[in-house]
Amino acid sequence: MSEALVDRALRRVLIQKIELGLLDEGWQELPPDVEALRFDDEASQAVALRLARQSVVLLRNQDGLLPLAADQRVALVGPVADDAMAMLGCYTFPLHVGVHHPEYGTGVEIPSLREELQRRCPQLTHVPGTDITGEDTSGIAAAVQAAADADVCVLAVGDRAGMFGRGTSGEGCDAVDLELPGVQAELVRAVLATGTPVVLVVLSGRPYALGDAVDRASAVVQAFFPGQLGGQAVAEIVTGEVNPSGRLPVSVPRHAGGLPGTYLTPILGRKSKVSSVDPTPAFPFGHGLSYTTFEWSDAAVSDAPGGDTGEPTTWPVDGEVTVGVTVRNTGARAGTEVVQLYLHDPVAQTTRPVVRLIGYARVPVEPGGAAAGQLRGPRRRHLVHRRARPARGRAR
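About the criteria used
- Each residue is numbered by its place in its chain's sequence as written, counting from 1.
- Thresholds applied to this predicted model are a pLDDT of at least 70 for local features of residues and 80 or more for the giving and counting of side-chain atom pairs; totals over whole chains, interfaces and linings are not thresholded and use all residues.
- Side-chain numbers here rest on the full set of heavy atoms in the structure, without hydrogens or water.
- The way it works is that DSSP assigns letters per residue, a run of H or I at least four long becomes a helix, a run of E at least two long becomes a strand, and they are numbered from the N terminus.
- To sort residues, take the accessible area from a 1.4 Å probe on protein chains only and compare it with the maximum for the residue type: under 20% means buried, over 50% means exposed, and anything in between is partly exposed.
- This arc is taken over the directions from the axis of the helix to the C-beta atoms.
- Working rule for contacts: check all heavy atoms of both residues, and any pair within 4.5 Å makes them a contact.
- Each patch is built from residues that are more than 30% exposed by relative accessible area and take part in no salt bridge. Like charges join if they lie within 9 Å; nonpolar side chains (Val, Leu, Ile, Met, Phe, Trp, Tyr) join within 5 Å.
- Working definition of accessibility: Shrake-Rupley area with a 1.4 Å probe, residue cover restricted to the visible protein chains.
- Throughout this description, the term salt bridge denotes a Lys or Arg side-chain nitrogen within 4 Å of a carboxyl oxygen of Asp or Glu.

(A) Main features of the side chain of Arg 120. Within the secondary structure layout, Arg 120 lies in helix 4 (residues 113-120). Residue classification places Arg 120 among the buried residues on the basis of a relative accessible area of 17%.

(B) Molecular detail of helix 4. Those residues of helix 4 lying buried are Leu 113, Glu 116, Leu 117 and Arg 120. Seen end-on, helix 4 carries its buried residues on one side only, within an arc spanning 95°. Each element contacted by the buried residues of helix 4 is listed here: strand 2 (74-77), strand 3 (124-127), strand 4 (152-158), strand 5 (198-204) and helix 8 (230-239).

(C) Structural view of helix 6 (residues 184-192). Looking at helix 6, one finds that the buried residues are Gln 184, Ala 185, Leu 187, Val 188, Val 191 and Leu 192. Taken down its axis, helix 6 places every buried residue within 160° of arc, on the same side. Where helix 6 is buried, its residues contact strand 2, helix 5 (140-148), strand 4, strand 5 and helix 7 (213-216).

(D) Expanded view of a nonpolar patch on the surface. Together, Leu 10, Leu 14, Ile 18, Leu 20, Leu 22, Leu 23 and Trp 27 make up an exposed nonpolar region whose accessible area comes to about 680 Å². For Leu 23, the location among the structural elements is in the loop between helix 1 (3-19) and helix 2 (42-55).

If you want it as structure tokens, here you go:
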């Protein structure tokens, strides 16, 4: 290699540094007010808490077990129940950089689910039962006993995020199947067998196949690495301080063969006569429950011929249409409904997804109140859209 080639590369780097001001006289690496800079101030924490509250999804709530009552005896079981790192993904600072410098700690306060739930449920007993990974089952018996002695058991299972094999989820941490890591599935089966009502809380980076636990657990809560204040958000939702409004961004499979996990699948990706495997998910994309009830009415399409008559509506091939619906809160507490607008294309000549989300809106409504809104559909070619019905856009 000639020296001129090296010089050319160096010259390019130096020119770029000059343009950025890095070689200016008096330049310093850190700004003079660096000590005053904070990335964990109250405003940032408020954003983290708001996002966590909106992202936690209530998947199942049989017989209204949730929210928990303050006077109930609660057994908190599971390996992620008292693990603050269970709230964080692999690219968060404590797990991406801090793991190499354990002497400095996490750098920020990350309350665990146990800490937050203890504040709200005085009669709480905590037993881990198992580790996140590994084959040790010696702690399951104590977890089963704690669950049997309680009025309700909150069973927290899930992941440990990491990089390149250091965790059960994250970059380079792949899985050969969708079973819960380690012996957590065995813990779930043992606790469910006690007969105590179980709230299954999954803190994970991927959707796990929960099998028959979906039907045996009285309630199921899913949180995908909800962040620094995720423990607070989950505890608030489980105890009813916050009304859940999250919706699934992926499908949760019932079993490991329940693929593809995305809802964007053509017709043969669903249950059909051409396959002996039923890939129907336990909980589909867009699903999520609330502690209140909503009613949809007055659905109509405007900006298109026939949109207000209830007849099939032809969308223009080079324009937009607006779909409107009225949402009423028919329950006893304030809540947020997530209106979802899906597109079906029954006449395409190429393989298309059966259904596709093209718009959504979060709609907060007070009890007894109503809110009317509109969603504008994008430009599409060769589409025929029938009058929107509440079931079309609702989480199934």
